[in-house]
Amino acid sequence: MNKPLISVQNLHTSFFTDSGEVCAVNGVSFDLDHGEILGIVGESGSGKSVTAYSIMQILASTGKIVDGSIYYKGEDITKWKEKQMRDFRGKCCSIIFQDPMTSLNPVFTIGNQLTEAIKLHTDKKGKEAKARAAELLELVGINEPERRLKQYPYELSGGMRQRVMIAMALACEPDILIADEPTTALDVTIQAQILELIQKLQKELGMAVILVTHDLGVIASMCDNIIVMYGGRICERGTAHEIFYNPKHEYTKGLLRSIPNVTRMKEKLIPILGTPINMLNLPKGCSFCARCDNAMKICLTEKPEEISINENHKASCWINVRDAMINEGGNADE
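Residues numbered from 1 in each chain as written. Predicted model: local features only at pLDDT ≥ 70, side-chain atom pairs only at ≥ 80, totals over all residues. Heavy atoms only, no water.

**Regarding the overall build of the protein chain**
Line of reasoning, step 1. For the protein chain, the count of helices and strands is 12 helices and 12 strands.
Line of reasoning, step 2. Here the C-alpha atoms of the protein chain give a radius of gyration of 21 Å, agreeing with the 20 Å that 2.2 N^0.38 yields for 334 residues.
Line of reasoning, step 3. When burial is assessed residue by residue, the protein chain has 49% of its 334 residues classed as buried.
Line of reasoning, step 4. Counting only contacts in the protein chain whose residues sit at least 6 apart along the sequence, the fraction spanning at least 24 positions is 63%.
Line of reasoning, step 5. Accessible surface for the protein chain amounts to roughly 17100 Å². Of this, 50% is attributable to carbon and sulfur atoms. (Helix = DSSP H or I, 4+ residues; strand = E, 2+ residues; numbered from the N terminus. Rg over C-alpha atoms; globule rule 2.2 N^0.38 Å. Buried < 20%, exposed > 50% of the residue type's maximum accessible area, 1.4 Å probe, protein only. Contact = heavy atoms within 4.5 Å. Areas by Shrake-Rupley, 256 points an atom, 1.4 Å probe, with all protein chains shown as cover.)

Here it is, written out as structure tokens:
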């Protein structure tokens, strides 16, 4: 059996602020296989982006991986020196950020920025680097690439700027592409185009993709597997089919109820009531229990273990433990 491309094991990432330690990621573990598209879903503050940034080790100055390991092709990259990580970023793993306008430097042309990335991570220089830049722009569907190389970011539309960011990320043909909310600042039509482009390039280049988003609807038909995060923890994971048609965690069910559905146009959307948890003061039990309509006493005091629903589907919810005990003829303490 082949080893996973990336294996994240018991990852804990914190930010040390004047108010105290913010435990942004708490014991996250998952594998990413070669050529897989993995979706990481959750609301703002759930820890999904911090998980992605931890893989690339591009955390803010106050952030630190305090425990756990991240294996890339069997090597623990949390023990690598900065020079090794610089080579890893770009050559092995690249990232697309959610706001291309702030990610691109407004005072340099598209050509300057794209060729800089190519020169930094490859042996191409001068005309070769420029030709490669034009080739990349054409690859991501930008017309008149030679002219676009001379333009500045403000001269391009939001969708075009995001395509430029994708081109920069693909400059070195990395094994892994991380897309952090790549469609947030774009209108619905352009969102679909960008997602289709990422999916098309993934198939052509054989990359593994980690797609970070707050919207389950965005990745419904795109991801092989989905991880649902809340409060810095994984609450459910499974194939896209299992998550959408057989959700087992109350938070996942809440996310799905909040998605517009053409078959239920006359029905009101059902929001998840309450507010996100305080990451400075994490609850002893389930992170979601304060907002869960079906919470039990045990949810307040004990963190649920992840149990297998089937071979491809796992959830961390005491309701599933209770139901399993009932099915086995045991007694569930509510």
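**Topic: the sheet that holds strand S3 (residues 37–41)**
Line of reasoning, step 1. The strand order across the open sheet built from 8 strands is S6-S7-S8-S3-S9-S10-S12-S11, with neighbouring strands paired in mixed fashion. Of all strands in the sheet, those with a lone pairing partner are strand S6 (93–96) and strand S11 (307–310), marking the two edges. On average, adjacent strands in this sheet sit at an angle of 20° to one another, irrespective of strand direction.
Line of reasoning, step 2. As paired elements, S6 and strand S7 (residues 176–180) share 4 bridges and run parallel to each other. Its bridge partner being in S7, Ile95 is matched across the sheet by Ile178. (Pairing = 2+ DSSP bridges. Axes fitted to C-alpha atoms, helices over the stretch in contact; angles between N-to-C directions.)

**Description of the sheet that holds strand S4 (residues 63–72)**
Line of reasoning, step 1. On the basis of which strands lie adjacent, the open sheet formed by 4 strands has the order S2-S1-S4-S5 and antiparallel pairing. Unpaired on one side and paired on the other, strand S2 (20–32) and strand S5 (75–76) mark the two borders of the sheet.
Line of reasoning, step 2. In the sheet, S4 pairs with S5 via 2 bridges, with the strands oriented antiparallel. In the sheet register, Tyr72 faces S5, and the bridge partner there is Glu75.

**Quick look at helix H4 (residues 110–121)**
Line of reasoning, step 1. With 12 residues, H4 ought to run about 16 Å at 1.5 Å a step, and its terminal C-alpha atoms sit 17 Å apart, in line with that.
Line of reasoning, step 2. When we look at burial in H4, the residues that qualify are Ile110, Gly111, Gln113, Leu114, Thr115, Ala117, Ile118 and His121. (Expected span 1.5 Å × (residues − 1).)

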